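The lines below spell out each chain.
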Protein chains: 2
Amino acid sequence: MSGTHIGVPSVLAHELPRPVPLDELAHCPVGDVFRRLGDRWSLLLLSLLGTRPHRYNELHRSVEGISQRMLTRTLRSLENDGLVRRQVYPTVPPSVEYSLTPLGGTLLEPLSALADWAVLHAGEMDAARAQHTD
Amino acid sequence: MSGTHIGVPSVLAHELPRPVPLDELAHCPVGDVFRRLGDRWSLLLLSLLGTRPHRYNELHRSVEGISQRMLTRTLRSLENDGLVRRQVYPTVPPSVEYSLTPLGGTLLEPLSALADWAVLHAGEMDAARAQHTD
DNA sequence: CGGAATCCAATGTGATACTG
DNA sequence: CAGTATCACATTGGATTCCG
């Protein structure tokens, strides 16, 4: 399997040992994954599920702003991608628990890094936006 | 400034020293930032710009799939958020260079982590999706 | 070259109502 | 409780045209 895409991690490292053909970044898995995760809710839902399993309505309340439709759709999509597990407990009334799969768990670390960045730099983004009269 | 939001980084760390009110994750800056970056192109464009500055048509070719409209809109949005700088060189024909601002540069590390994850685990996602007849 | 403007189609998103 | 169904609206994407 010679490289049809960038071969190894740290493709975006600041100091690259050698110039990697990054123009192909959009063609390699990175583009795919970013496109799947690049919607309004996926990142947030994954983060939430990363803290602990959640039930459906619990997510619905926590995310706030998401519609039932998009909550269901996004969860199904993430489930489809093997990142989220949907566990149905046949109680009455029914209870459904969503949690990260092992694969989803591995995504939690990079996601945490992004969340940490958000906490640290959200203010600067707000300030920048204020300047642009947004 | 007592915590109106989660106070410190690593909010999503697997082993939390104490139970943080993560239900408020959607209300804290994380939700905002994830929402801004959570679109089809922002993550990819930032990653691309993280490798080196790019010109407009260069981005248009590299991202492949993006329309002029969305490329311009997304770049403006990122510029507005203080993540991307637009530098016009009054040559003839005109040349415009997009690059990361210092703030945008700080985002590059978490973004790299995500890109690395993508390279490592894209195959597993594909496999999962295949099982679900997607 | 680097856009902006316009039109149009496709998809995303949300509110509401309804169901097992 | 955990969704589905339906409709209405917003956003996105593509293609084309035009401009400095």
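- Per an unreviewed UniProt entry, chain A goes by the name DNA-binding HxlR family transcriptional regulator and belongs to Streptomyces pseudovenezuelae.

## Comments concerning the protein's contact with DNA strand D
Right, on to step 1. Around DNA strand D, the structure places 22 residues, and the nearest of them are Gln 68, Arg 86 and Tyr 98 of chain A together with Trp 41 and Met 70 of chain B.
Right, on to step 2. Atoms of DNA strand D within 4 Å of the protein: sugar and phosphate make up 70%, bases the balance.
Right, on to step 3. In this structure, Ser 67 of chain B approaches DNA strand D through a main-chain N or O atom, which is 3.4 Å from a phosphate oxygen.
Right, on to step 4. Those elements giving two or more residues to the surface near DNA strand D turn out to be helix H3 (56-63), helix H4 (68-80) and strand S3 (95-100) of chain A together with helix H4 (68-80) of chain B.
Right, on to step 5. Of the residues forming the surface near DNA strand D, the biggest block, 4 residues, is contributed by H4 of chain A.
Right, on to step 6. Of the residues in the surface near DNA strand D, the class split is 9 nonpolar, 6 polar and 7 charged.

## Describing the pattern of salt bridges
Any two side chains of opposite charge can pair, so long as their charged atoms come close to each other.
Residue and element names in this part refer to chain A.
Right, on to step 1. Counted under the stated rule, the structure contains 8 salt bridges over all chains.
Right, on to step 2. Arg 36 is paired through a salt bridge with Asp 81; the nearest N and O atoms lie 3.8 Å apart. Placement of Arg 36 in helix H1 (residues 29-37) and of Asp 81 in the loop between H4 and strand S2 (84-89) is noted, with a sequence separation of 45 residues between them.
Right, on to step 3. Classification of Arg 36 as partly exposed rests on a relative accessible area of 31%.
Right, on to step 4. Residue Asp 81 is classed as buried on the basis of its relative accessible area of 3%.

Conventions and cut-offs
- Residues numbered from 1 in each chain as written.
- Chains lettered and ligands numbered in written order.
- Predicted model: local features only at pLDDT ≥ 70, side-chain atom pairs only at ≥ 80, totals over all residues.
- Heavy atoms only, no water.
- Near = heavy atom within 4 Å.
- Polar contact = N/O pair within 3.5 Å; in protein donor to acceptor, adjacent residues only side chain to side chain.
- Helix = DSSP H or I, 4+ residues; strand = E, 2+ residues; numbered from the N terminus.
- Nonpolar A, V, L, I, M, F, W, Y, C, P; charged D, E, K, R; others polar.
- Salt bridge = Lys/Arg side-chain N within 4 Å of Asp/Glu carboxyl O.
- Buried < 20%, exposed > 50% of the residue type's maximum accessible area, 1.4 Å probe, protein only.

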